[in-house]
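Notes for the structure review
One-letter residues, chain by chain:
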Amino acid sequence: MSYQYPDERGHFGQYGGRYVAETLMPALLELEQAYAEVREDPAFQEEFRYYLKHYVGRPSPLYYARRLSEELGGAKIYLKREDLNHTGAHKVNNTVGQILLARRMGNNRVIAETGAGQHGVATATVAALFGMECDIFMGKEDIRRQALNVFRMKLLGARVHEVTSGTATLKDAMNDALRYWVTHVRDTFYVIGTVAGPHPYPMLVRDFQSVIGEEAKAQLHEAEGRLPDIAVACIGGGSNAMGLFYPFVKDAGVRLRGVEAAGLGVDTDKHAASISAGLPGVLHGNKTYLLQDADGQIQHAHSISAGLDYPGVGPEHAHLNDIERAEYVSITDQEALDAFQTLTRIEGIIPALESAHAIADVMRLAPTLDKDKIILVCLSGRGDKDIHTVADALGVEL
Amino acid sequence: MSSRIENTFAALQQRGEKALIPFITAGDPNLAVTADLILTLERGGADLIELGIPFSDPMADGPTIQAASERALAGGTTLEKVLALVAEVRKTSQIPLVLMGYYNPVFRYGVERFAKAASAAGVDALLLVDLPPEEAGEISAVMDEAGLALITLLAPTTPPERMQKLAAAAQGYLYYVSMTGVTGAQKITPESIRDAVEELKSYSAVPVGVGFGISTVDDARAVAAFADGVVVGSALVKIIEQYGTAPELQAQVEKFISALKQGLVAA
């Protein structure tokens with residue numbers, strides 16, 4: 001199959017684009033041009049690979065979850081261990097890429113939004129590595145939920161700005177990061193943490209994260225001599241999922257399956273399932289599926305996992321959904337909590353609550369498949385940051 | 001194309017005056033008060049009014065207009081109701097009205113449906129902060145057909161070539177954003193933008209208005225020395241925030257706007 005997205009205007013079918021204030025347009029056009037250059041530049045790609053290998057610790061292992069597979073009694077389950085990366089999640093692949101790009105463009109100041117704090121930590125980490133100034137925007141509610149990551153960012157030398165506007169979560173952190181960027185656009189590089197935002201961000205974040213799917217494809221080929229039947233990943237904005245899916249998009253036989261956060265249920269008003277229960281709209285620089293009311297006002301998202309607590313989704317996922325190249329399902333808070341405990345006990349791996357959504361979907365999917373089928377799932381991050389949230393949910397006082 | 005906007009600027013030019021363009025958020029503190037405010041602004045000397053469509057995520061706005069948007073939404077303001085408000089105001093006023101806001105409420109309403117309803121209500125133009133020319137193609141033909149001007153924003157970061165291209169294609173008036181930043185955050189230094197505005201006027205097909213950071217009579221007068229119009233938003237919205245539904249609101253707003261207008265006429 002042919003798949004050439006985004007188009008030259010940054011659109012994925014009807015989604016994507018650059019819906020931003022004029023003040024930012026010149027910076028985005030400059031970024032687009034700079035990225036087009038480094039994309040074809042072997043020296044940049046070599047530098048990127050160098051840091052992924054020696055700093056992040058790539059390639060991350062592809063681990064056959066034997067006990068989990070046997071317990072479920074169906075398909076073989078392979079975990080792509082992004083949790084073993086430096087800083088504990090897939091986010092760092094992207095921050096290494098973007099910060100190397102920022103340096104190429106002569107920027108020494110970076111800003112980022114963060115929800116769970118993983119992208120904030122990954123940005124602050126690479127900013128520390130290169131001696132750059134770093135400002136992180138984080139919702140007040142998330143600062144409360146993720147105190148450990150806040151302290152980590154401060155230790156790394158970043159300034160953490162508490163965002164109190166709107167719902168004080170990830171979408172508002174992104175609003176405030178955009179407001180800060182519009183004010184300091186001449187000397188600041190905005191490191192967006194997911195495959196959303198104005199073009200070229202959805203494309204460049206996808207490209208930097210594609211190392212996940214590329215490695216997994218080669219590793220699975222070595223282990224099994226074939227492609228997976230299904231590739232599964234959780235979706236907030238959708239960067240780990242895009243990174244896993246993209247190298248398989250043209251392999252028509254591989255089912256791509258994104259798992260959104262159903263919170264208390266997609267039939268309630270407390271979830272974050274933008275594709276399953278949202279409508280197309282425009283927010284944060286791109287057109288995509290959004291949780292919104294009939295008047296186009298953005299609604300609160302809810303998920304037990306701060307990293308999935310976002311009322312939108314990357315535009316390429318919206319497109320993959322509409323052309324039916326990928327399928328999107330959802331998992332509730334409770335199902336994710338159960339999966340969190342199951343993986344911890346059966347495999348000795350504590351997953352991030354985000355990743356636990358993907359595991360929960362695999363747990364219901366695997367038993368329905370024959371033993372010769374293979375499920376590849378992205379374990380996007382480790383769960384240390386979520387210990388307090390899980391203890392709370394289980395009624396345990398730490 | 002909106003004849004109300006063209007006629008207004010033509011008449012101002014004949015009198016040697018500059019346009020005073022206040023911005024208020026529709027539905028702040030409520031829609032009935034907004035209707036009165038429009039008439040008060042006109043009486044006080046406003047030449048054209050930018051009426052904000054409230055949005056949950058106003059990314060280009062500072063705290064003052066964010067709060068106004070939140071108040072309007074909490075009161076149940078919708079785009080439908082804003083259009084009804086315009087239709088109501090049109091019974092008694094012919095002041096040019098520009099709806100200003102973010103794209104999503106218009107997109108969700110339906111672009112064609114919006115264009116028809118807005119035109120029927122008596123809206124003259126639309127200014128969408130997050131719909132740059134690169135994306136405006138998806139609504140421009142429909143707006144043209146309905147006779148609604150699509151106002152273009154230019155910023156201090158806009159490169160000269162791009163500025164020239166956009167200015168040549170502009171409709172209604174050009175909105176020059178005086179600084180890199182959000183609304184109401186900093187104070188303008190008029191002299192720093194004089195050259196940019198004068199250059200812009202030299203190749204613009206339409207009048208050039210300047211906004212962001214203009215809060216006092218002195219600011220407005222200084223900017224009007226070289227621009228065709230001045231936009232005052234946050235400073236006015238602060239008065240609305242302060243008085244809310246109190247009876248003295250209208251008098252306070254009229255006093256503020258007349259002082260600005262006096263400053264412009266004296267310029």
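Provided above is the structure to which this section pertains.
Residues numbered from 1 in each chain as written. Chains lettered and ligands numbered in written order. Predicted model: local features only at pLDDT ≥ 70, side-chain atom pairs only at ≥ 80, totals over all residues. Heavy atoms only, no water.

Right, let's get into the overall build of chain A. Scanning chain A from N- to C-terminus turns up 16 helices and 14 strands. At 19 Å, chain A has a C-alpha radius of gyration in line with the 21 Å of a compact globule built from 398 residues. Once the C-alpha set of chain A is aligned to its principal axes, its extents read approximately 55 × 50 × 45 Å. Relative to its full complement of 398 residues, chain A shows a buried share of 66%. (Helix = DSSP H or I, 4+ residues; strand = E, 2+ residues; numbered from the N terminus. Rg over C-alpha atoms; globule rule 2.2 N^0.38 Å. Buried < 20%, exposed > 50% of the residue type's maximum accessible area, 1.4 Å probe, protein only.)

For the rest of this paragraph, the subject is the side chain of A:Ser274. Residue and element names in this part refer to chain A. Tracing the sequence through the fold places Ser274 in helix α12 (residues 274–277). Among the residues examined, Ser274 registers a relative accessible area of 0% and is labelled buried. When residues no more than four places from it in sequence are discounted, the contact partners of Ser274 are Glu260, Leu279, Tyr289, Leu291, Tyr310, Pro311, Gly312 and Val313. (Contact = heavy atoms within 4.5 Å.)

Okay, the nonpolar core next. The biggest cluster of nonpolar side chains holds 197 residues, and the ones touching the most others in it are A:Trp181, B:Leu99, B:Tyr103 and B:Phe114. Looking at this core, the element that brings in the most residues is helix α8 (residues 170–184) of chain A, giving eight residues. Discounting chain neighbours no more than four positions away, the residues touching B:Tyr103 are A:Tyr19, A:Val282, B:Val111, B:Leu128, B:Asp130, B:Leu131, B:Glu138 and B:Ile139. The next biggest cluster of nonpolar side chains, apart from the first, holds 38 residues, and it includes A:Ala261, A:Ile331, A:Ile346 and A:Ala360. (Core = buried A, V, L, I, M, F, W, Y, C linked by side-chain atoms within 4.5 Å.)

Let us now look at helix α2 (residues 42–56) of chain A. Residue and element names in this part refer to chain A. Here α2 contains 15 residues, and its C-alpha end-to-end distance of 20 Å stays within 8% of the 21 Å for a straight helix at 1.5 Å per residue. Within the span of α2, buried status applies to Phe44, Phe48, Tyr51, Leu52 and Val56. Buried residues of α2, seen end-on, are gathered within an arc of 100° and therefore sit on one face of the element. Of the exposed residues in α2, the ones pointing more than 90 degrees away from its buried face are Pro42, Glu46, Lys53 and His54. (Expected span 1.5 Å × (residues − 1). Arc of directions from axis to C-beta.)

This paragraph deals with the interface of chain A and chain B. Counting residues at the interface gives 38 residues for chain A, matched by 38 residues for chain B. Summed over both sides, the interface between chain A and chain B buries roughly 3,000 Å², with carbon and sulfur atoms accounting for 51% of that surface. Between chain A and chain B we count four salt bridges in total. Linking chain A with chain B are 23 residue pairs in polar contact (both at pLDDT 80 or more), by the criterion used here. Among the elements of the structure, β2 (15–19), α1 (25–39), α8, β11 (279–283) and β12 (285–290) of chain A are those that each provide at least two residues to the side of chain A that touches chain B. Here the side of chain A that touches chain B takes seven residues from α8(A), the largest share from any one element. Residues that form the side of chain A that touches chain B fall into these classes: 16 nonpolar, twelve polar and ten charged. (Buried area = accessible area lost by both parts, 1.4 Å probe. Salt bridge = Lys/Arg side-chain N within 4 Å of Asp/Glu carboxyl O. Polar contact = N/O pair within 3.5 Å; in protein donor to acceptor, adjacent residues only side chain to side chain. Nonpolar A, V, L, I, M, F, W, Y, C, P; charged D, E, K, R; others polar.)

All names here are of chain B. In space, the nine strands of this open sheet follow the order β5-β4-β3-β2-β1-β9-β8-β7-β6, with parallel pairing throughout. For this open sheet the edge positions go to β5 (149–150) and β6 (152–154), each flanked by a neighbour on one side alone. Here four bridges tie strand β7 (residues 174–177) to strand β8 (residues 208–211), and the two strands are oriented parallel to one another. Pairing of Tyr175 across the sheet is with Gly209, part of β8. (Pairing = 2+ DSSP bridges.)

Let's shift gears to α8(A). The terminal C-alpha atoms of α8(A) lie 21 Å apart, and with 15 residues this matches the ideal 21 Å at 1.5 Å per residue to within 8%. Of all 15 residues making up α8(A), 13 are buried, and the element is well covered by its neighbours.

As enumerated under the stated definition, the model contains five cavities of 30 Å³ or more in all. Its residues placed into classes, the lining of the largest cavity shows eight nonpolar, 17 polar and four charged. Reported here for the second largest cavity is a volume of approximately 110 Å³. Forming the walls of the second largest cavity are 13 residues, and the residues nearest its centre are A:Val20, A:Ala21, A:Leu24, B:Met59 and B:Ala60. Split by residue class, the lining of the second largest cavity holds ten nonpolar, two polar and one charged. (1 Å grid on protein atoms, 1.4 Å probe; cavity = no way out; pocket = protein on both sides within 12 Å on 5 of 7 lines; lining within 4 Å. Points joined across faces, edges and corners; volume = space filled by probe spheres on them.)

Take the packing of aromatic side chains next. Under the counting rule described, the total for this entry stands at 18 aromatic pairs over all chains. Relative to A:Tyr246, the ring of A:Tyr3 lies with its centre 6.4 Å away and its plane at 65°, an arrangement referred to as edge-to-face. With A:Tyr3 in the segment before β1 (11–12) and A:Tyr246 in the loop between α11 (239–245) and β10 (255–263), the pair connects residues that are 243 residues apart, well separated along the chain. When its relative accessible area of 3% is taken as the criterion, A:Tyr3 is described as buried. Ring plane angle 70° and centroid distance 5.3 Å describe the contact between A:Tyr51 and A:Phe130, whose orientation is recorded as edge-to-face. With A:Tyr51 in helix α2 and A:Phe130 in the loop between α5 (118–129) and β6 (133–139), the pair connects residues that are 79 residues apart, well separated along the chain. Clustering of aromatic rings is evident, with ring pairs tying together A:Tyr3, A:Tyr5 and A:Tyr246. Cation over ring: A:Lys76 sits above A:Tyr64, and NZ or CZ is 5.1 Å from the ring centre. Between B:Arg113 and the ring centre of B:Tyr109, over which it is positioned, the NZ or CZ distance is 3.9 Å. (Phe/Tyr/Trp six-rings, centres within 6.5 Å; stacked < 30°, edge-to-face > 60°. Lys NZ or Arg CZ within 6 Å of the ring centre and 35° of its normal.)

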